Amino acid sequence: MTVLLRLQAVGKNFGGLAAVNNVSFDMKDGEIVGLLGPNGSGKTTLLNLISGAHRATSGNISLYGKNISSLRPDQISHSGIARTFQLVRVLQTMSVSDNVICSVAFREKSAWGREAHEIAEEKLATVGLQDKARDLAGSLNYIDCKRLELARALATEPKLLLLDEWLSGLTPQELETGIELINSIQSSGISILIVEHIMSAIRELCPRCVVMNSGEVIADGPTGEVLENESVVSAYLGG
Ligand code: ADP
């Protein structure tokens with residue numbers, strides 16, 4: 001299978017702190033992978049490196065074999081990587097539909113107008129927000145804000161979606177809906193790297209997990225095995 005994302009000895013230092021240290025792993029086209037690790041282990045920093053918000057201090061990141069390590073976030077978005085954030089970011093004073101149209105137009109500047117509307121409608125239907133297209137984004141409840149953020153990410157037509165605790169804060173019932181939604185997005189051919197603390201969701205969604213601790217990868221493999229791994233258990237217990 002084609003390699004989608006390749007991280008080769010990726011590192012990021014903040015002053016004297018190695019937030020990400022010598023991280024290497026591949027993701028295959030179509031794969032969904034859980035990125036786990038205790039607080040402060042470097043997960044969000046790694047997502048920031050992949051999406052271009054931070055530039056790596058060392059190593060290489062490539063997408064379909066093309067080095068993206070020194071591209072700007074907008075160029076990386078255009079290459080096919082989208083992300084959601086731990087704290088939801090939507091444009092509160094715009095309509096739900098216009099929020100998505102902005103993302104479509106960001107991808108394809110010529111796509112203002114009717115075409116952007118149609119793409120926005122399609123993405124809103126994917127996340128189950130079609131009936132709220134005309135509502136103000138600021139009036140949405142928590143899960144609908146999360147759905148909107150996902151629709152905005154999907155509007156850039158990513159090949160790889162980075163989800164940073166997208167499922168956190170949902171009720172048990174919403175969680176089921178959220179898991180189904182992520183599953184259906186993956187089934188549509190989008191690869192997903194998911195940072196999540198809810199282990200039941202990780203077990204359900206991800207056949208494979210990569211675990212970080214103190215900036216380094218300490219396990220990578222089938223989820224069931226990785227979660228039993230002694231160094232993973234002791235990392236979570238602070239050992
Ligand atoms: P996680 O997402 O696994 O909780 P982070 O990637 O947020 O971990 O953080 C990894 C380490 O890098 C932590 O020690 C954190 O304090 C540090 N860190 C993250 N971002 C910055 C930053 N912008 N400046 C300095 N230190 C940072």
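Since we're looking at a predicted model, the values are computed, not measured. (Residues numbered from 1 in each chain as written. Predicted model: local features only at pLDDT ≥ 70, side-chain atom pairs only at ≥ 80, totals over all residues.)

As assigned here, the chain comprises domain 1 (1-80 + 158-239) and domain 2 (90-157). Inter-centroid distance (C-alpha atoms) of domain 1 to domain 2 is 25 Å. Opposite the nine residues of domain 1 that make contact, domain 2 presents eight residues. Looking at the side of domain 1 that touches domain 2, the elements with two or more residues in it are α2 (73-79) and α6 (172-187). The residue makeup of the side of domain 1 that touches domain 2, split by class, is five nonpolar, three polar and one charged. (Domains from an automatic or database assignment. Contact = placed C-beta atoms within 7 Å. Helix = DSSP H or I, 4+ residues; strand = E, 2+ residues; numbered from the N terminus. Nonpolar A, V, L, I, M, F, W, Y, C, P; charged D, E, K, R; others polar.)

Below, the discussion takes up the environment of Asn-99. For Asn-99, the position within the fold is in helix α3 (residues 96-107). Not counting residues up to four positions away in its chain, the partners in contact with Asn-99 are Val-90, Leu-91, Met-94, Ala-137, Leu-148 and Arg-152.

The periodicity of an α-helix, 3.6 residues per turn, causes residues three or four positions apart to be oriented the same way. Buried residues dominate helix α1 (residues 43-51), accounting for nine of its nine residues. Those residues of α1 that sit buried are Lys-43, Thr-44, Thr-45, Leu-46, Leu-47, Asn-48, Leu-49, Ile-50 and Ser-51. Phi for Gly-52, located one or two positions after α1, is positive at around 90°. (Buried ≥ 20, exposed ≤ 12 C-beta atoms within 10 Å, placed from the backbone.)

Right, let's get into the site of the ligand. Residues in contact with the ligand, as listed here, are Phe-14, Leu-17, Ala-19, Gly-37, Asn-39, Gly-40, Ser-41, Gly-42, Lys-43, Thr-44 and Thr-45. If you list the elements that add at least two residues to the shell around the ligand, you get β2 (17-28) and α1. If one sorts the elements of the shell around the ligand by residue count, α1 sits on top with three residues. A breakdown of the residues in the shell around the ligand according to their chemical character gives three nonpolar, seven polar and one charged. (Near = placed C-beta within 6 Å.)

What follows deals with unusual backbone geometry. The phi angle at Glu-157 is positive, at roughly 50°, despite the residue not being glycine. Summarising the element assignment, Glu-157 is placed in the loop between α5 (142-154) and β7 (160-164). Among the residues examined, Glu-157 registers 17 C-beta atoms within 10 Å and is labelled partly exposed. One non-glycine residue with positive phi stands out, namely Ser-214, at about 50°. Among the structural elements, Ser-214 can be located in the loop between β9 (208-213) and β10 (216-222). With 16 C-beta atoms packed within 10 Å, Ser-214 lands in the partly exposed category.

So, on to the pairing of β9. Pairing between strand β3 (residues 32-36) and β9: four bridges, direction parallel. Considered in β9, the bridge of Leu-35 is made with Val-210. Summarising the sheet, β9 and β10 pair through six bridges and their orientation is antiparallel. Following the sheet pairing, Arg-208 is matched in β10 by Pro-222. Between β9 and β10, which pair antiparallel one after the other, the connecting turn spans two residues, and Ser-214 there sits at a positive phi close to 50°. (Pairing = 2+ DSSP bridges.)

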